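Observations on the model geometry
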Amino acid sequence: MPNLSFSAPTSIDEAVKMLAGATGTAKPLSGGTDLLVQLRSGRLRPDLIVDTKRIPGMIGIREESDRFVIGAATPGVTVYDNKALTQAWPGIVEGMDLIGSEQIQGRASLAGNLCNASPAADSVPAVIAARATCVIAGPNGRREAPVEAIVVGPGRTSLQKGELIVEFHIPKPKPHQSDAYLRFIPRTEMDIAVVGCAVNVTLDSNGVCTDARVVLGAVAPTQVIVEDAAKALIGHRLDEPTLAALDAAAQRACKPITDKRGTIEYRTKVAGVLARRAAKIAFERAGAR
Amino acid sequence: MAKHHVSTTINGEPVEFLCEPQQTLLDVLRDELNLTGSKEGCSSGDCGACTVICDGRITCSCLMLGAEAEGRTIQTVEGIAQGDKLHPVQQKFLEHAALQCGFCTPGFIVAAKALLDENLNPTEEETRYWLAGNLCRCTGYDKIVRAVLDAAAVMRAEAGR
């Protein structure tokens, strides 16, 4: 670490140039709540840290006609203080809000939680369920990618050298569309998900589901979009046979590991239970709109 | 590697310091500025013993680089009392004996002060959630929560006058 450099550029172009031109490992820094822990433990030995927080637009939430634009380094407190976003996507805000303590919430960001690439990242499933995209800046200009394309395995992302996420685009909900995110931990606060589940549904005026996305966290190397769970919901009201089909589909999609937080069998069972509960909340919210 | 020159505001005073890129704000406070009130517990953002207020938000100073403090406004436990007059949170921690070994106390004081800056009438539940990022192995938390709620009552009474 004696060769570590730190820089705090004020434009995206500058940040990309630094990240792309660095010899060795270069890491963008937003809240640092994962990066600094890895730096301290020696698990990560970067040669360059580029603080992104002084770049205009990297922190903050902007509302456009058909979407929310969230700066990549926007911390949790700014997410849940935003009334329009909380109203539109309570599940996304719940996911972000579940991460860490008040101290962590002041710093931890959506892009950091995503790019840390933990299968248990709480803010990620609901963002994927809302079909959000992210804008990535890099040496070859900008590109847009669905959020689910970023994490490719534990601790690994699809971002190339010199690339960083600049902002997230989250479409606004359609009529009768809403979401929910639930995570299971053995206590009430300050723990890492055993299972996380986001459900995003659109209903017709009779309460029948017309579109759905179900995303599980912490049950596979990456977040999992459970197509069969969405199929179980679409065309149905939330009756017991539908819930049972959803539960079974969620369980089938699990490829978890056994660790100190839970066994394979336990995680699989809990994934089904959380899918049921999150679906109930999402249907209630969507129906109330 | 060149040291970073950082200009910042700590406890209301302009402060300049030099730091290595990998030094955390906590390292700088304790080792460069002799502000040893902020404690190093876990160094991973779990225990809250190093809590400071940065631009109005509590943060773990072990999870922030010293170089990031450029242009920010930092408050540490050393800046909570007004001269010889203890902040109500500090006074009530004494009266309720809301500490035993005392290692976690500075972090709790800073976090509780920030809570009461935002909300003079927190419920017990809100207080417990707010303080969930501060760990104490001695007290069992109850005395700490009572002290904070009592400090809030004192501050409400003062504000009402």
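Scope of this entry: the structure provided in the associated data block. (Residues numbered from 1 in each chain as written. Chains lettered and ligands numbered in written order. Predicted model: local features only at pLDDT ≥ 70, side-chain atom pairs only at ≥ 80, totals over all residues.)

**Digging into the pairing of strand β2 (residues 26–29) of chain A**
Here 4 bridges tie β2 of chain A to strand β3 (residues 48–51) of chain A, and the two strands are oriented parallel to one another. When the sheet's bridge partners are listed, Lys-27 of chain A is paired in β3 of chain A with Ile-49 of chain A. (Pairing = 2+ DSSP bridges. Helix = DSSP H or I, 4+ residues; strand = E, 2+ residues; numbered from the N terminus.)

**Section: the nonpolar core**
Val-195, Val-199, Leu-216, Ala-229, Ala-275 and Ala-278 of chain A are the most contacted members of the largest nonpolar core, which totals 141 residues. Not counting residues up to four positions away in its chain, the partners in contact with Val-199 of chain A are Ala-129, Asp-179, Ala-180, Val-214, Ala-275, Ala-278, Ala-279 and Ala-282 of chain A. (Core = buried A, V, L, I, M, F, W, Y, C linked by C-beta atoms within 7 Å. Buried ≥ 20, exposed ≤ 12 C-beta atoms within 10 Å, placed from the backbone. Contact = placed C-beta atoms within 7 Å.)

**As for the packing of helix α2 (residues 88–95) of chain B against helix α3 (residues 105–118) of chain B**
Residues and elements named next belong to chain B. For the pair α2 and α3, interaxial distance at closest approach is 9 Å and the crossing angle is 130°. Here α2 lies oblique to α3, going by the angle between them. Remark: the crossing between α2 and α3 carries right-handed chirality. Facing Val-89, Gln-90 and Phe-93 of α2, the residues of α3 in contact are Thr-105, Ile-109, Ala-112, Lys-113 and Leu-116. Taken together, the residues that form the contact of α2 with α3 break down as 5 nonpolar, 2 polar and 1 charged. (Axes fitted to C-alpha atoms, helices over the stretch in contact; angles between N-to-C directions. Parallel < 35°, antiparallel > 145°, perpendicular 65-115°, else oblique. Left-handed = near helix turned anticlockwise from the far one by under 90°. Nonpolar A, V, L, I, M, F, W, Y, C, P; charged D, E, K, R; others polar.)

**Observations concerning the sheet that holds β3 of chain A**
Residue and element names in this part refer to chain A. Strand order in the open sheet formed by 3 strands is β1-β3-β2, and the pairing between neighbours is parallel. Each of the sheet's edge strands pairs with one partner strand only, and the pair in question is β1 (5–7) and β2. Strand-to-strand, the axes of this sheet are offset by a mean angle of 20°, without reference to chain direction.

**Some words on the interface of chain B and chain A**
Listed as interface residues are 23 residues of chain B and, on the opposing side, 24 residues of chain A. Broken down by secondary-structure element, the contributors of at least two residues to the side of chain B that touches chain A are β4 (57–60) and α4 (124–130) of chain B. Among the elements that take part in the side of chain B that touches chain A, β4 of chain B stands out by supplying 4 residues, more than any other. Of the residues in the side of chain B that touches chain A, the class split is 11 nonpolar, 10 polar and 2 charged.

**Points about the sheet that holds strand β12 (residues 195–203) of chain A**
All names here are of chain A. With respect to topology, 4 strands assemble into an open sheet ordered β11-β12-β13-β14, the strand pairing being antiparallel. Of all strands in the sheet, those bounded by a partner on one side alone are β11 (177–184) and β14 (224–225). Note: β11 against β12, 8 bridges, orientation antiparallel. Pairing of Ala-180 across the sheet is with Val-199, part of β12.

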